[in-house]
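# Commentary on secondary and tertiary structure
Listed below are the residues making up each chain.
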Amino acid sequence: MSDNPPIEYDFPDISRWEQGVAPYIHVRESGTPGPTVMVAALTHGNEVSGAVVVDALLEKGLRPRRGTLILSFNNFEAYQRFDPNNPFKSRMVDEDFNRTWGRLDRPATTLETRRAQVVKPFVERADYLLDLHSMHDDCVPLMLCGPLDRGVDLAKRLGAPADIVRDRGHAAGMRMRDYGAFGDSGSDRTALLIETGQHWRASSVAVAKDVTWRFLVETGMAEPSDLPADWRQPTPERQRVVQVTHAIASKRGNFTPARRFRGQEVIPKAGTILGHDDGEPVTTPYDDCVLVMPAVTRPLRAGVTIVRLGRLA
C-alpha cells in the first residue's frame, strides 16, 4: 500500500495550451490602459492546484477588463512527467525552478534555467504577480508576501487566506516572487506566493480558485461576474501577519521532531524543544513563537529547512 497522500481531484490535460506567445504562456490584451497582471502555475511540477485554475481560466477564455493578463504554466515538463506512484519526484527535472532567479544572467545549463529564461520577459512585464503553489505536508494555507510593506498590503486587500507570512526569500536561491522589481523597495510592482495546502487535497484547489478570484478582481482584471461564482469562498474573520525571523536547516538531514507539528501553531515559551538535529536540541528563541511550514513527513537532506520561526506582527 502506498504511503503517498491521496490524489483527490483530476489533473488537467494542459497540452492543448502549448501554443501561446511562448510555449505554455498566454497573453490576453484588453485594449484598455491598465496594469499587466500575471498568474503562474506549476512553478513546481507536482503542485497542481494552480494548474487547475489556469486551465479553467484559459478554457473560459477570460479577457481582462483593462490592461494585460498573462497566464503561465511554468515547469510544464516536470508536470508532464508526473507519476502517481512517485508523485513527489516531479517537483522538478534538473533543479528547482524557483531557486534559479538570482542567476539568470549566467548560461542556462539545466531544463529549469532554460525555462526560466523563457518565462523571465513575462515576469519582467508584470506589475502584479500571483504564483500558485502548494505544500508537501498538510498545513493551513499561507500567503508568502515577501519582506516589503506593499506585499503585506496587497495580501490584506485580498482578505484571504487567514495567515500572511512576511519573509525574506529562500537561502537556497532567489524565488520568482522576489525577482527584479518585485524585490525592489523603490518599485510599486508586487508579487505574492500562495501556498494553498497539501498538493493533492481538493481543498487546495478550492483555495487556489478563491485567491485567484480575489487577485483578479482586486487588480482590475475581472469583475466578479466574469469569474465562476463558486470559486469565491467565505472571507476569514481576521488575518494575521507572521514575520519570519529564523529559518532552521538540518545539518545532515538527521532531524527528529519532538512531536508532530501541524504548522502555524504558536509555542508560548522560549526554550521549548522542537526536536533534535544530530542530537542537538532545536528550541524556540522567544515566547509566542510561530512555526511556519515545519517539515512533517518530507524526507530531509543536509541543508534542508526544518522549520521557519516567526513572530506575530
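Above this text sits the structure in question.
One structure accompanies this document, and this report is about it. Being a predicted model, the structure only gives us computed values, none of them experimental. (Residues numbered from 1 in each chain as written. Predicted model: local features only at pLDDT ≥ 70, side-chain atom pairs only at ≥ 80, totals over all residues. Heavy atoms only, no water.)

## What about the sheet that holds strand β3 (residues 68-73)?
- In space, the eleven strands of this open sheet follow the order β1-β3-β2-β4-β7-β5-β6-β8-β14-β13-β10, with mixed pairing throughout. The open sheet is flanked by β1 (25-29) and β10 (266-267), the only strands paired with a single partner.
- Here six bridges tie strand β2 (residues 36-41) to β3, and the two strands are oriented parallel to one another. Note on β3: the bridge partner recorded for Val39 is Leu71.
- Where helix α1 (residues 49-60) meets the sheet, its contacts fall on β1, β2, β3, β4 (128-135) and β7 (190-198), and the angle it forms with β3 comes to roughly 135 degrees. (Pairing = 2+ DSSP bridges. Helix = DSSP H or I, 4+ residues; strand = E, 2+ residues; numbered from the N terminus. Contact = heavy atoms within 4.5 Å. Axes fitted to C-alpha atoms, helices over the stretch in contact; angles between N-to-C directions.)

## Quick look at unusual backbone geometry
- The omega torsion across Ala160 and Pro161 is 0 degrees, close enough to zero to call that bond cis.
- If you trace the backbone, Pro161 turns up in the loop between α4 (149-158) and β6 (163-166).
- At Asp278, a residue that is not glycine, the phi angle is positive and equals roughly 55 degrees.
- Summarising the element assignment, Asp278 is placed in the loop between β11 (273-277) and β12 (280-283).
- For Met293, which is not glycine, the phi dihedral falls at a positive 50 degrees.
- Structurally, Met293 can be placed in the loop between β13 (289-292) and β14 (305-312).

## Remarks on empty space enclosed by the protein
- This structure, assessed with the given rule, holds one cavity of 30 Å³ or more.
- By volume, the largest cavity amounts to about 60 Å³.
- In terms of lining residues, the largest cavity is bounded by Phe255, Pro257, Phe261, Leu274, Leu291, Pro294, Ala295, Ile306 and Val307.
- Those elements giving two or more residues to the lining of the largest cavity turn out to be β9 (255-257) and β14. (1 Å grid on protein atoms, 1.4 Å probe; cavity = no way out; pocket = protein on both sides within 12 Å on 5 of 7 lines; lining within 4 Å. Points joined across faces, edges and corners; volume = space filled by probe spheres on them.)

## As for the packing of aromatic side chains
- Tallied over the full model, the rule gives nine aromatic pairs.
- For the pair Tyr24 and Phe73, a centre-to-centre distance of 6.4 Å together with 85 degrees between the ring planes defines the contact as edge-to-face. Taken together, the residues span a long stretch of sequence, with Tyr24 in the segment before β1 and Phe73 in strand β3 at a distance of 49 residues. In this structure, Tyr24 and Phe73 share a single accessibility class: buried.
- Between Phe88 and Trp200, the aromatic rings sit 5.0 Å apart at their centres with planes inclined by 50 degrees, giving tilted as the arrangement. With Phe88 in the loop between α2 (76-80) and α3 (111-125) and Trp200 in the loop between β7 and α5 (202-218), the pair connects residues that are 112 residues apart, well separated along the chain.
- On the accessibility criterion, Phe88 (24% relative accessible area) is partly exposed.
- Accessibility expressed as a relative area gives 0% for Trp200, which makes it buried.
- Taken together, the ring pairs connect Tyr9, Phe11, Tyr79, Phe82, Phe88 and Trp200 into an aromatic cluster.
- Its guanidinium or amino end placed over the ring of Tyr286, Arg311 lies 3.7 Å from that ring's centre, counting from NZ or CZ. (Phe/Tyr/Trp six-rings, centres within 6.5 Å; stacked < 30°, edge-to-face > 60°. Buried < 20%, exposed > 50% of the residue type's maximum accessible area, 1.4 Å probe, protein only. Lys NZ or Arg CZ within 6 Å of the ring centre and 35° of its normal.)

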